[in-house]
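Analysis of the macromolecular model
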Amino acid sequence: MRTCRNWSRFWAPGGGPRSAIADRIERADGYVIATPEYNHSYPAGLKRAIDWHYGEWMFKAATVLSYGVHGGLLATEHLRGVFADLHVVTTRRAVGLRAPWNDIGDDGFTPPPGTGEAFDEALRELVWWAATLHTARRDRPFQH
């Protein structure tokens with residue numbers, strides 16, 4: 001039987017070599033995750049981006065803008081659990097768009113009534129969490 005001396009690099013969070021987006025994720029204090037609901041969750045590409053950049057996400061804030069037949073609710077809820085494991089605070093407020101493709105016209109996307117206000121509220125909460133966690137990471141780094 002053949003064994004690998006450095007097996008931990010295959011099982012450790014983070015995936016492997018630094019990616020093209022790692023620096024951008026690391027520099028940001030907060031994120032807006034725009035995602036469809038796909039098979040009652042979120043797409044595999046997003047899952048891979050989250051898993052590959054384990055350390056870059058930690059102790060940051062995120063809000064979700066999801067879309068799908070039911071507003072992408074299941075994608076949002078699945079992301080909350082994954083992000084919690086990375087110590088990412090997800091905002092209580094999230095925005096879900098039902099069938100946004102029906103709101104695209106000659107002038108582009110026109111959000112349904114109330115969507116802009118709901119997104120503004122989610123962004124206000126995101127900004128608060130991002131600033132709060134930025135200060136905490138700087139002044140009181142988490143001891144692993």
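Residues numbered from 1 in each chain as written. Predicted model: local features only at pLDDT ≥ 70, side-chain atom pairs only at ≥ 80, totals over all residues. Heavy atoms only, no water.

A closer look at the overall build of the protein
For clarity, the threshold we go by: Numbering of helices and strands runs from the N terminus; a helix is a DSSP stretch of H or I covering at least four residues, while a strand is a stretch of E covering at least two. The buried label goes to any residue with under 20% of its type's maximum accessible area, the exposed label to any with over 50%, and the partly exposed label to all in between, with areas taken from a 1.4 Å probe on protein chains only. Every residue pair with non-hydrogen atoms within 4.5 Å of one another is taken to be in contact. Each accessible area is a Shrake-Rupley estimate made with a 1.4 Å probe; only the visible protein chains count as cover when residues are assessed.
Across its full length, the protein carries six helices and six strands. The buried share of the protein, taken over its 144 residues, is 30%. Across the protein, every contact between residues at least 6 apart in sequence was considered, and the portion connecting residues at least 24 apart equals 82%. Accessible surface for the protein amounts to roughly 9,700 Å². Of this, 57% is attributable to carbon and sulfur atoms.

Here we look at the packing of helix α3 (residues 44–52) against helix α5 (residues 73–85)
The cut-off we apply is this: What counts as an axis is a line fitted to C-alpha atoms, over the stretch in contact for a helix, and the angles between N-to-C directions run from 0 to 180 degrees. Oblique is the label for any angle not covered by the other classes, which are roughly parallel (under 35 degrees), roughly antiparallel (over 145) and roughly perpendicular (65 to 115). In this scheme, a crossing is called left-handed if the near helix is turned counterclockwise away from the far one by less than a right angle; it is called right-handed if the turn is clockwise.
Two numbers describe how α3 lies on α5: the axes approach to 11 Å, and their chain directions differ by 15 degrees. Considering the angle they form, α3 stands roughly parallel to α5. The chirality of how α3 crosses α5 is right-handed. In this structure, α3 contributes Leu46, Lys47 and Ile50 to the contact, and α5 contributes Leu79, Val82 and Phe83.

Structural notes on the packing of aromatic side chains
For any pair of aromatic rings, the description rests on two quantities: the centre-to-centre distance and the angle between the ring planes. To keep things clear, this is the line we draw: Centre distance within 6.5 Å is the pairing criterion for rings of Phe, Tyr and Trp, where only the six-membered ring of Trp is used; planes under 30 degrees apart are then read as stacked, over 60 as edge-to-face, and the remainder as tilted.
Under the definition given, this model contains four aromatic pairs. Plain terms: the ring middles of Trp128 and Trp129 are 5.0 Å apart, the flat faces sit at 85 degrees to each other, and that makes the pair edge-to-face. Site record: aromatic cluster; members linked through ring pairs are Tyr31, Trp57 and Phe83.

Points about the environment of Pro141
The residue Pro141 is located in the segment after α6 (115–139) in this model. A relative accessible area of 46% means that Pro141 is categorised as partly exposed. Once the C-alpha coordinates of Pro141 and Phe59 are considered, the two residues, 82 residues apart in sequence, prove to be 9.4 Å apart.

Thoughts on the confidence of the model for the protein
As a reminder of what qualifies: pLDDT measures how confident the predictor is about each residue, on a scale from 0 to 100.
In this model, the protein carries an average pLDDT of 89, and 90% of its residues clear a pLDDT of 70 or more. Mean pLDDT across the elements of the protein ranges from a minimum in helix α1 (residues 8–11), with 43, to a maximum in strand β3 (residues 89–90), with 98. Across residues 1–12, confidence stays below pLDDT 50; counting only partners more than four residues off in sequence or on other chains, it has one contact.

Here we look at the side chain of Glu56
Note the cut-off: In protein, a polar contact requires one atom able to donate a hydrogen and another able to accept it; more generally it is a pair of N or O atoms within 3.5 Å, and residues adjacent in sequence count only if both atoms are side-chain atoms.
Within the secondary structure layout, Glu56 lies in helix α4 (residues 54–57). Polar contacts involving the side chain of Glu56 include one to the side chain of Arg18, which spans 2.8 Å. When residues no more than four places from it in sequence are discounted, the contact partners of Glu56 are Arg18, Ala22, Ile25, Glu26 and Tyr31.

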